[in-house]
Amino acid sequence: MAKFLSEDWVTQARTLQEEYKGKGTPPPAQARINLTITEVPADVNDGPISAKIDTTDGAAELDLGAFETPDASISLEYDTAKAFLVEGNPQVVMQAVMSGKVKISGDMTKVLALGQGAPDEVALELGQKLRDMTD
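Residues numbered from 1 in each chain as written. Predicted model: local features only at pLDDT ≥ 70, side-chain atom pairs only at ≥ 80, totals over all residues. Heavy atoms only, no water.

**Some remarks on the packing of aromatic side chains**
Using the criterion set out here, one finds two aromatic pairs in the structure. With a centroid separation of 5.0 Å and 80 degrees between ring planes, the pair formed by Phe4 and Trp9 is classed as edge-to-face. Across the pair, Trp9 and Phe4 agree in class, each one buried. Clustering of aromatic rings is evident, with ring pairs tying together Phe4, Trp9 and Tyr78. Over the face of the ring belonging to Tyr20 we find Lys23, whose NZ or CZ atom lies 5.7 Å from the ring centre. (Phe/Tyr/Trp six-rings, centres within 6.5 Å; stacked < 30°, edge-to-face > 60°. Buried < 20%, exposed > 50% of the residue type's maximum accessible area, 1.4 Å probe, protein only. Lys NZ or Arg CZ within 6 Å of the ring centre and 35° of its normal.)

As structure tokens, this is what we get:
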């Protein structure tokens, strides 16, 4: 098992994303979103992490780095990012948004559209594998 967003975790997540690419229902919106993840544990990284989500090719791909011209940017704490991206718990994100812990800039309609709809069986299986590999 690897810590969420550690180098080992990102490598394993890339492999899983490649394995599942094109097998599920495309995301409900096409967007390129930058994430700034704060409050990162010292055993994961020495400071905030820049990550990005790209759904423009029909799959939701998470990777490190940032888009030069994203559709939206989101700043959130490590635990909130993990709860949403690994544990699939949108309630934690909604609570964080309502309390001002999540900052969103850019095209809010694309961010909201990505949260619509129920995940298909492929997405559920991929989510379970991500949870299984995450410490």
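**With respect to the sheet that holds strand β5 (residues 103–106)**
The strands making up a sheet are joined through hydrogen bonds of the backbone, oriented either antiparallel or parallel. Sheet architecture is open: five strands sit in the order β3-β2-β1-β4-β5, paired in mixed fashion. Because the sheet does not close on itself, it has two edges, and the strands there are β3 (61–64) and β5. Taken over all neighbouring pairs, the strand axes of this sheet differ in orientation by 20 degrees on average, direction set aside. Alignment of strand β4 (residues 72–77) against β5, held across four bridges, turns out to be antiparallel. (Pairing = 2+ DSSP bridges. Helix = DSSP H or I, 4+ residues; strand = E, 2+ residues; numbered from the N terminus. Axes fitted to C-alpha atoms, helices over the stretch in contact; angles between N-to-C directions.)

**Description of helix α2 (residues 78–85)**
Of all the positions in α2, only Tyr78, Thr80, Ala81, Lys82 and Ala83 are classed as buried. For α2, the elements touching its buried residues are β1 (32–38), β4 and α3 (90–98). (Contact = heavy atoms within 4.5 Å.)

**As for the nonpolar core**
Within the largest apolar cluster, 30 residues are counted, with the highest numbers of intra-cluster contacts made by Leu5, Trp9, Leu35 and Ile37. Looking at this core, the elements that each hand over two or more residues are α1 (7–20), β1, β2 (49–54), β4, α2 and α5 (121–133). Looking at this core, the element that brings in the most residues is α1, giving five residues. Sequence-distant contacts of Trp9, defined by excluding residues within four places in its chain, comprise Ala2, Lys3, Phe4, Leu62, Val86, Leu130, Met133 and Thr134. (Core = buried A, V, L, I, M, F, W, Y, C linked by side-chain atoms within 4.5 Å.)

**Notes on empty space enclosed by the protein**
Throughout the structure, instances matching the rule amount to one cavity of 30 Å³ or more. What the largest cavity holds in volume is close to 40 Å³. The dominant element in the lining of the largest cavity, judged by the number of residues it contributes, is α1, at five residues. Broken down by class, the residue content of the lining of the largest cavity amounts to seven nonpolar, one polar and two charged. (1 Å grid on protein atoms, 1.4 Å probe; cavity = no way out; pocket = protein on both sides within 12 Å on 5 of 7 lines; lining within 4 Å. Points joined across faces, edges and corners; volume = space filled by probe spheres on them. Nonpolar A, V, L, I, M, F, W, Y, C, P; charged D, E, K, R; others polar.)

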